[in-house]
Amino acid sequence: MPKLPSLSHFSLPAQHLLSGLTAAIGVLLVALAAAAIGGFHAAAAAAVGATCISIVDTPTPPDFKRRSFAIAFVFDSLITLGVDLCRDQPVLLALIVIATSFVAAMVTVYGRIALALCMSMILAMVLALGTTLHDVAGAPAWQHAALFAAGAAGYAVFGALAAQILAARHKQIVLREALNAFADYVRGKAGLYDTALEIETAYGALIERQVTLMERVDAARNLLFRDLERASERQYAAALVAMLDAFETILSSQTDYWLLRRHFGATAEGPALLREIRDGVRQLAAMVTQIAAGLDGSGLDGHDDPDAEALRRQFHAIAARADSIAPLHGQDETDHGRAALELRATLERIGMAIDAIARLHTVTRQIAAAEAVLDTVNLADFLPPRPYRVRLLLRHLRYRSPVFRYALRLSLAMLCSFILSEILSRYFAHGSWILLTVAVIMRASYSATRQRQKDRLIGSLIGCVLAAGLLHVLPDAALLAITFVTIGLSHAYAPVRYRITSTSASVMALLMMHFLSPTAENLLVERLLDTLLGAGIAWLFSFVLPYWERQDVPDLTTALLRGLRKYTRQAIRPAPAEQNYRLARKELFDAIADFAGAVKRMRAEPGLQSGEMPRLRAFLATSYRMMTQLAALHVLLRMRGRDIAPEALQQIVAPRQYAILQNLGGAAPDSAKPAPNLATDTDWPAAAALVQRLQQAETVSALIAEQRAGLPEMAPRRKGKS
């Protein structure tokens with residue numbers, strides 16, 4: 001029996017909830033204003049314009065949003081006018097469908113921020129093709145387009161004002177969401193100490209949580225690192241920087257879990273000790289959650305402060321138990337000695353993580369602490385480039401570009417859908433819904449298209465059943481209210497739960513058609529049939545000029561190795577330049593997240609050989625381990641590097657850094673290889689801990705080199721026939 005979704009499936013980040021609420025209110029205000037001035041038909045046309053442009057009202061910086069509104073207003077209005085003027089010319093309409101689809105797909109070259117603009121253009125075209133408002137009202141085509149443009153302009157003004165008014169609230173929300181994702185990551189880290197969980201399973205879950213965290217960090221960075229005039233805005237930006245530093249410290253607590261479990265799991269008291277560490281790390285996650293829950297415009301509100309000191313005492317007690325269970329006697333090279341040294345280093349770094357999260361707490365409370373953090377970093381270097389640069393678009397106007405191939409594929413699919421809708425127009429009144437289904441399902445990659453297809457079909461079926469029930473039992477006033485609610489739900493869930501968006505959008509479309517055409521029959525049947533036809537067309541055309549996620553593996557692997565090399569050069573250095581280190585760290589975090597996302601999406605693609613996915617997952621897990629080893633080395637050198645004489649430190653680090661870089665594919669020529677120095681027992685235990693960590697990092701880097709050799713067989717697919 002299939003498992004019913006839990007309530008958490010319907011949970012929604014506050015940022016998207018606020019965005020959906022703003023969209024619903026904006027469309028409602030535009031509709032009410034148009035109704036007061038021009039009556040019902042004017043309100044309907046203006047509401048359609050407002051609905052189309054509300055799609056680009058996503059959580060972005062206010063200046064980005066104003067630019068998106070302007071571009072969407074121009075394109076959507078011109079598309080609507082073109083469709084209305086050419087309504088009786090099928091050939092011209094077909095050309096408009098092709099041109100709109102191609103341009104809409106090409107703008108996705110600007111990334112996620114442009115996906116909303118793409119859908120806004122497509123929706124404007126589809127609704128213009130399907131509307132009969134100007135025929136009913138007896139108005140000329142230009143008048144309908146003018147009403148559409150007026151509604152779009154009205155919402156754009158409302159949206160720009162709302163963005164300005166809610167800017168501080170949006171910043172607070174994205175910071176809270178990033179902190180909650182960080183807390184979730186820390187909880188995943190605790191699972192690695194749980195002997196009841198397989199390490200590989202816990203690692204896989206942890207990597208997925210890091211991908212989610214990096215997505216939240218990217219969204220927060222884009223908002224928080226801009227417009228820092230007010231003290232609270234600077235405090236939010238500093239808090240995100242402090243959170244990333246705390247994340248790195250948590251990352252550095254990476255240990256040889258296999259060694260710890262193998263050694264302590266076999267003792268009488270060892271499993272209980274590991275469980276104590278697990279529970280303590282979970283409390284560390286609770287500290288982060290507590291900080292997130294208390295955020296308001298000036299820091300923390302009435303919530304209790306996180307008790308870092310109590311957690312320190314708890315880990316001091318755990319360290320004392322570790323000393324009694326696994327005493328360390330001198331330079332012990334046995335398995336027991338390595339496990340005991342590893343356990344102490346882990347507990348020390350967890351203590352550093354407690355301090356880092358306590359500093360994060362202080363930054364959210366004290367503006368002076370926030371300013372001290374901002375003095376160490378140039379935030380502008382971490383911002384993404386501004387969108388909608390024409391030069392970037394022109395660079396992708398070539399056949400080998402995946403965006404260009406997607407644009408051709410979508411244009412052909414939309415043309416096929418338009419022809420089919422014209423054929424069916426004698427039987428169905430709203431065949432243009434086929435085009436809408438194709439547009440929302442088709443994505444640049446096969447895996448994303450397949451998931452959208454499933455969500456669209458299930459969502460449409462549920463939406464049609466709900467709409468049938470609502471139309472049967474509720475009066476028109478209640479149905480009108482539900483229509484605006486579904487606008488907000490469709491907008492809010494689109495980035496996170498498309499199946500819910502598909503359900504609410506189906507209800508919205510059917511209720512809107514009920515008001516526009518009260519006597520229309522078979523709307524539910526038409527909606528389901530159009531969805532099935534559109535899904536079938538989208539699936540068929542996903543094999544035309546296809547783009548497979550596996551085609552990106554060579555490039556993603558190269559980017560990941562390059563990120564590891566850059567981070568190695570910065571991390572294994574006693575005092576790297578702060579800005580250079582942070583930039584290298586960001587590049588590696590992004591590379592890990594990109595590779596993990598591609599591997600996850602690739603699972604749905606046909607034609608994968610049986611051994612490809614295990615090799616990719618193993619390479620990803622080992623790369624993650626390498627990243628954590630480097631983070632641990634950076635923290636160790638920062639905290640203990642001064643305990644080792646500079647000459648001895650150089651002799652310890654140089655040969656192993658060379659070996660690591662060589663394994664990662666970027667070392668200097670052999671003639672530049674530093675001479676190894678075996679006298680590494682000075683200033684022990686600091687030197688011993690450093691040597692052990694460097695040896696572990698070198699071992700992991702050698703494993704990366706070995707696993708990398710198994711991946712290039714995917715590369716020839718890039719040159720072959722797609």
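Everything discussed here concerns the structure shown above.
Structure report, in brief. Note that the structure is a prediction, hence the values are computed from the model and not measured.

**A look at the overall build of the protein chain**
1) Next: Along the protein chain, the regular secondary structure elements total 28 helices and two strands.
2) Next: The proportion of buried residues among the 722 residues of the protein chain is 54%.
3) Next: For the protein chain, the accessible area works out to roughly 30500 Å², and carbon and sulfur atoms hold 61% of it.

**Points about empty space enclosed by the protein**
1) Next: Taken as a whole and assessed by the stated rule, the structure comprises five cavities of 30 Å³ or more.
2) Next: Size it by volume and the largest cavity reaches roughly 120 Å³.
3) Next: Every residue along the wall of the largest cavity is listed here: R221, F225, V241, L244, V377, L379, F382, R582, R585, K586 and F589.
4) Next: Contributions of two or more residues to the lining of the largest cavity are made by helix 10 (231-252) and helix 24 (578-602).
5) Next: Ranked by residues supplied to the lining of the largest cavity, first place goes to helix 24 with four residues.
6) Next: When its residues are assigned to classes, the lining of the largest cavity shows seven nonpolar, no polar and four charged.
7) Next: Estimates place the volume of the second largest cavity at around 80 Å³.
8) Next: Elements represented by at least two residues in the lining of the second largest cavity include exactly helix 14 (335-365) and helix 27 (686-708).
9) Next: Tallied by class, residues from the lining of the second largest cavity come to four nonpolar, two polar and three charged.

**Some words on helix 8 (residues 167-190)**
1) Next: Between its first and last C-alpha atoms helix 8 spans 35 Å; for 24 residues at 1.5 Å apiece the expected length is 34 Å, and the two agree.
2) Next: Within helix 8, 19 of the 24 residues are buried, which leaves it mostly tucked inside the rest of the structure.

**Considering the packing of aromatic side chains**
1) Next: Enumeration according to the criterion identifies nine aromatic pairs in this entry.
2) Next: The interplanar angle of 70 degrees and the centroid separation of 5.0 Å between the aromatic rings of Y185 and F247 together place this pair among those described as edge-to-face. Residue Y185 is found in helix 8, and its partner F247 is found in helix 10; the two are separated by 62 residues along the sequence.
3) Next: Residue F247 is classed as buried on the basis of its relative accessible area of 0%.
4) Next: An aromatic cluster is present here, built from F182, Y185, F247 and F589 joined pairwise through their rings.

**Description of unusual backbone geometry**
1) Next: For D227, which is not glycine, the phi dihedral falls at a positive 50 degrees.
2) Next: Along the chain, the position of D227 falls in the loop between helix 9 (199-224) and helix 10.
3) Next: With relative accessibility at 40%, the residue D227 sits in the partly exposed group.

About the criteria used
Residues numbered from 1 in each chain as written. Predicted model: local features only at pLDDT ≥ 70, side-chain atom pairs only at ≥ 80, totals over all residues. Heavy atoms only, no water. Helix = DSSP H or I, 4+ residues; strand = E, 2+ residues; numbered from the N terminus. Buried < 20%, exposed > 50% of the residue type's maximum accessible area, 1.4 Å probe, protein only. Areas by Shrake-Rupley, 256 points an atom, 1.4 Å probe, with all protein chains shown as cover. 1 Å grid on protein atoms, 1.4 Å probe; cavity = no way out; pocket = protein on both sides within 12 Å on 5 of 7 lines; lining within 4 Å. Points joined across faces, edges and corners; volume = space filled by probe spheres on them. Nonpolar A, V, L, I, M, F, W, Y, C, P; charged D, E, K, R; others polar. Expected span 1.5 Å × (residues − 1). Phe/Tyr/Trp six-rings, centres within 6.5 Å; stacked < 30°, edge-to-face > 60°.

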